[in-house]
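Descriptive structure summary
Given next are the chains, with one letter for each unit.
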Amino acid sequence: MKQGDTRMEAYDPNTQTIPALPPQRAASSASPVWAFLLDVVIAVAIMLAVTMAYGLLWGIWLGFEQGRRGVPLDPAMIQQGPGTLSLLLMTLLGMSAASFTVYFWRRRANAQERALSWQAARKPATWGWVLLTLAVVMCTSMGTTSLATAMDSRFAPSNLEIMQDIQQRMPWLLWVFAVVLAPLYEEVLFRRVLFGRLWAAGRPVLGALLSSVLFALAHEFPGMGNNSPAAAALLWTYYVFMGLALAWIYRRTGTLWAPIGVHALNNLAACVMIALGIG
């Protein structure tokens, strides 16, 4: 398929050939970069709206509960904010609402794309690439940790304490969230919608870079956590690399189930480490 051709080549599941580009929508006069930025703005707006609505409802519920018990509302409780379980639910609702709204509104897969994705997902070679990519991502994680130790700049993800607390209280919830739900809605947003838009426009390298930077920011926003600037930079660089690896395997295999698989297995390993007290 030529670079500017919008037709999808026939995909033979018995060969190693995958489509060079996903099928494109009808041509638009708008720049794909502007469409990409609009996707980002819509996703952020939805996430913020859901988060604010959740916070408002939480405050109303807290006031109702305190009033029902005849206890004056303590401003310190409001300032402290929701607990870890509420924060997890707020993250789940905000991110999933943003991801699936933008997907169904802006980048919904058509029947042909879904059929090709399932064909690619049934190939054993696809899951071989998944395991190889997972190994690279995990080795990079260990290498980054070793480098931080050598620099006397040990780091920890800003959500680690929340994950450890949930592991102690409701471990099944942490595993369902980290291994099943988060990989699904994050890959839909960052790989299918954002990277996929620029990939379909013939600009996969730019799409991989931009979507990976946003993926890193979603996981480790500057100023969050107690990491030193050097440690935070290392952690953020790792997330960018992980985003690039996930974009690469999506393009290499032609199915979104491949990056979902890598993401889920990587999070599974992290959950095991937290459960064992290593993380």
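Digging into the overall build of the chain
Along its length, the chain carries 10 helices and zero strands. Order of helices (α) and strands (β) in the chain, N terminus to C terminus: α-α-α-α-α-α-α-α-α-α. Scored against the burial criterion, the 279 residues of the chain give a buried share of 40%. In the chain, the share of contacts with a sequence separation of at least 24, taken over all contacts with a separation of at least 6, comes to 79%. Carbon and sulfur atoms provide 68% of the accessible area of the chain, an area that totals close to 14,900 Å².

Points about helix α5 (residues 124–150)
Across its 27 residues, α5 extends 39 Å between first and last C-alpha, which sits within 8% of the 39 Å expected from 1.5 Å per residue. Where α5 is buried, its residues contact α4 (111–121), α9 (229–253) and α10 (257–275).

Some words on the packing of α5 against α9
Relative to each other, α5 and α9 sit at 170°, their axes nearing to 10 Å. When the interaxial angle is binned, α5 and α9 end up roughly antiparallel. Residues T126, W129, V130, T133, V136, V137, T140, S141, T144, L147 and A148 of α5 touch α9, and the partners they reach there are L234, Y238, F241, M242, A245, W248, I249, R252 and T253. In terms of residue class, the contact of α5 with α9 is built from 13 nonpolar, six polar and one charged.

Remarks on the environment of G128
Its location among the elements puts G128 in helix α5. The partly exposed category is assigned to G128, whose relative accessible area is 38%. Separated by 130 residues in sequence, G128 and A258 place their C-alpha atoms 9.8 Å apart.

Some details on the packing of aromatic side chains
Within this structure, the stated rule accounts for eight aromatic pairs. Considering the side-chain rings of F195 and W199, the 5.5 Å spacing of their centres and the 25° angle between planes classify their relative orientation as stacked. Within this pair, F195 and its partner W199 are both found in helix α7 (residues 171–200), separated by four residues, close to a single helical turn. An identical accessibility class is assigned to F195 and W199; each is buried. Counting every residue linked through ring pairs, the aromatic cluster contains F195, W199 and Y250. Directly above the ring of F215 sits R191, whose terminal nitrogen or CZ lies 4.6 Å from the centroid.

Comments concerning the pattern of salt bridges
Oppositely charged side chains can pair when the atoms bearing their charge come close. Evaluated as defined, the whole model comprises five salt bridges. Across the pair D39 and R106 runs a salt bridge, and its minimum N-O distance is 2.6 Å. In this pair, D39 is assigned in helix α1 (residues 32–68) and R106 in helix α3 (residues 84–106), connecting sequence segments 67 residues apart. Of the residues examined, R106 reaches a relative accessible area of 24% and is grouped as partly exposed. The partner of D165 in a salt bridge is R169, and the shortest N-O contact between them spans 3.3 Å.

Comments concerning the packing of helix α6 (residues 160–169) against α7
Orientation of α6 relative to α7, taken along the N-to-C sense of each, is 130°, at an axis distance of 5 Å. Of the possible angle classes, the one that applies to α6 and α7 is oblique. Listed contacts from α7 to M163, I166, Q167 and R169 of α6 are P171, L174 and W175. A class-by-class count of the residues in the contact of α6 with α7 yields five nonpolar, one polar and one charged.

Some details on the side chain of H263
You can see H263 is positioned in helix α10. By relative accessible area, H263 is classed as buried at 2%. Ignoring any residue separated from it by four or fewer positions in sequence, one finds H263 in contact with P183, E186, E187, F215, M242 and L246.

Concerning the confidence of the model for the chain
For the chain, mean pLDDT is 85; residues scoring 70 or higher make up 84% of the total. Across residues 1–21, confidence stays below pLDDT 50; counting only partners more than four residues off in sequence or on other chains, it has 41 contacts.

Rules used throughout
Residues numbered from 1 in each chain as written. Predicted model: local features only at pLDDT ≥ 70, side-chain atom pairs only at ≥ 80, totals over all residues. Heavy atoms only, no water. Helix = DSSP H or I, 4+ residues; strand = E, 2+ residues; numbered from the N terminus. Buried < 20%, exposed > 50% of the residue type's maximum accessible area, 1.4 Å probe, protein only. Contact = heavy atoms within 4.5 Å. Areas by Shrake-Rupley, 256 points an atom, 1.4 Å probe, with all protein chains shown as cover. Expected span 1.5 Å × (residues − 1). Axes fitted to C-alpha atoms, helices over the stretch in contact; angles between N-to-C directions. Parallel < 35°, antiparallel > 145°, perpendicular 65-115°, else oblique. Nonpolar A, V, L, I, M, F, W, Y, C, P; charged D, E, K, R; others polar. Phe/Tyr/Trp six-rings, centres within 6.5 Å; stacked < 30°, edge-to-face > 60°. Lys NZ or Arg CZ within 6 Å of the ring centre and 35° of its normal. Salt bridge = Lys/Arg side-chain N within 4 Å of Asp/Glu carboxyl O. pLDDT = per-residue confidence, 0-100.

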